Amino acid sequence: MENFSLSRCELIRLNRDTFIVTFSEKIDFEPTQFIMIETETSIVRKPFGLGRWNDRLAIGVQVIGPGTAYIVRQEKLNAHGPCGKGFVPPKGRGAVIVTLACLPMVFDLQERYDCDVFIGSVDEPWIEVPFPLVVGDEAFLKMLQSLNGYDWFLVIGSDQMEKIVYDVLKDKAEVFVSFNEYMACGIGACRGCAKVTKHGLKHLCIDGPVLRGEEVWS
C-alpha cells in the first residue's frame, strides 16, 4: 500500500447523482480491492472500489454529500492503497449483483472470472449499460428470484440492498458480500470497520472487504 496522486482523465455521468471517474495512472490491484481518497471536507478518507472503464483505472462515485461531490469535481486526487484482500471466487459458475455505481468494479470482475453481471438501479441510466439492468425495487426482486444454476454470487451495494439480495439467494448458492462502504482509515488502525461475525470480530479493511454472507447474517 502507498500514497499516490490520481489525475482525472474522464468523468462519465451515469444518472442524476452517479458518476464514473477514470484516471490516467495505472496501478496493480486485485478484484474488490479499494482505495481511500482524501477530501477537503473531512479528515477521514473515503473508500472506493477499484475497477476499469474504457481500458483505464476507474472508480464509481454516487454523490451523497460534500465529500463525494468534491471527488467528482477535482482534476487531481490524493489516495492511499490498494487496500483490502482481493476476492477469489470458488470454482463454478458465478454471478455478480451490483448497484449502478459499481460498474467499473464489475467490468474488472467479469474480465478476470468470466462471471455474469446483473445491475439494479433506482433510476434509468443515462448511458447504455452492457449488462442486464432492472429499474425499481419490484423489478430487482423479480430478477433475483429468477437467478438459478449458479455456484456462487457476489453482492456489492448498499447495506440494505446487500441484505435483501442475501436473503433471496442464500438457499441457491454461496453468497459473498463486499462491505467496502464501512472503511474509515483502510489500514486497520482506527478499528472503525469492525464487524461482528459468527467467527468473531473482523476488521473489514484488512480481513475483507468481502465476507461470506452467512458469516454475518446466519
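Residues numbered from 1 in each chain as written. Predicted model: local features only at pLDDT ≥ 70, side-chain atom pairs only at ≥ 80, totals over all residues. Heavy atoms only, no water.

Colleague: Go over the nonpolar core with me, naming the residues and quoting the values.
Modeller: Counting residues in each nonpolar core, the largest one holds 28 residues, and the members touching the most others are I97, F140, L144, L147, F153, V165 and L169. Mapped onto this core, the elements with two or more residues apiece are β3 (34–37), β8 (94–99), α3 (137–145), β11 (152–156), α4 (159–169), β12 (174–178) and α5 (204–207). With 4 residues, the top contributor of residues to this core is α4. M105, V106, F131 and F176 belong to the second-largest nonpolar core, a separate cluster that totals 24 residues. (Core = buried A, V, L, I, M, F, W, Y, C linked by side-chain atoms within 4.5 Å. Buried < 20%, exposed > 50% of the residue type's maximum accessible area, 1.4 Å probe, protein only. Helix = DSSP H or I, 4+ residues; strand = E, 2+ residues; numbered from the N terminus.)

Colleague: Kindly report on the packing of α3 against α4, identifying the contributing residues and their values.
Modeller: Across the interface, α3 lies against α4 with an axial gap of 9 Å and an inter-helix angle of 35°. The two elements α3 and α4 cross, and the hand of that crossing is right-handed. When α3 is examined against α4, the residues F140, L141, L144 and Q145 are found in contact with a partner set consisting of M161, I164, V165, V168 and L169. Grouping the amino acids of the contact of α3 with α4 by side-chain chemistry returns 8 nonpolar, 1 polar and no charged. (Axes fitted to C-alpha atoms, helices over the stretch in contact; angles between N-to-C directions. Left-handed = near helix turned anticlockwise from the far one by under 90°. Contact = heavy atoms within 4.5 Å. Nonpolar A, V, L, I, M, F, W, Y, C, P; charged D, E, K, R; others polar.)

Colleague: Help me get a handle on the sheet that holds strand β4 (residues 46–49), residues and values and all.
Modeller: Whether parallel or antiparallel, the strands of a sheet pair through hydrogen bonds between backbone atoms. Spatially, 7 strands are ordered β4-β3-β7-β1-β2-β6-β5 in an open sheet, and the strand pairing comes out antiparallel. This sheet does not close on itself; its edge strands, each paired only once, are β4 and β5 (51–53). This sheet shows a mean twist of 50° between the axes of neighbouring strands, independent of strand direction. Sheet analysis places β3 next to strand β7 (residues 76–83), joined by 3 bridges and oriented antiparallel. Directly across from F34, in β7, lies its bridge partner C83. Helix-sheet contacts for helix α2 (residues 103–113) involve β2 (18–23), β4, β5 and β6 (56–62), and the interaxial angle to β5 is about 100°. (Pairing = 2+ DSSP bridges.)

Colleague: Can you tell me about unusual backbone geometry, naming the residues and giving the values?
Modeller: Look at the link from G81 to P82: it is a cis peptide, with omega at -5°. Structurally, P82 can be placed in strand β7. Of the consecutive residues G208 and P209, the connecting peptide bond is found in the cis state with omega at 15°. Inspection of the secondary structure assignment puts P209 in the loop between α5 and β15 (210–212). Look at T32: it is not a glycine, yet its phi comes out positive at around 75°. Relative to the helices and strands, T32 resides in the loop between β2 and β3. In this structure, N54 is a non-glycine residue whose phi angle is positive, near 50°. By relative accessible area, which is 53% here, N54 ends up exposed.

In short, geometric facts, not functional conclusions.
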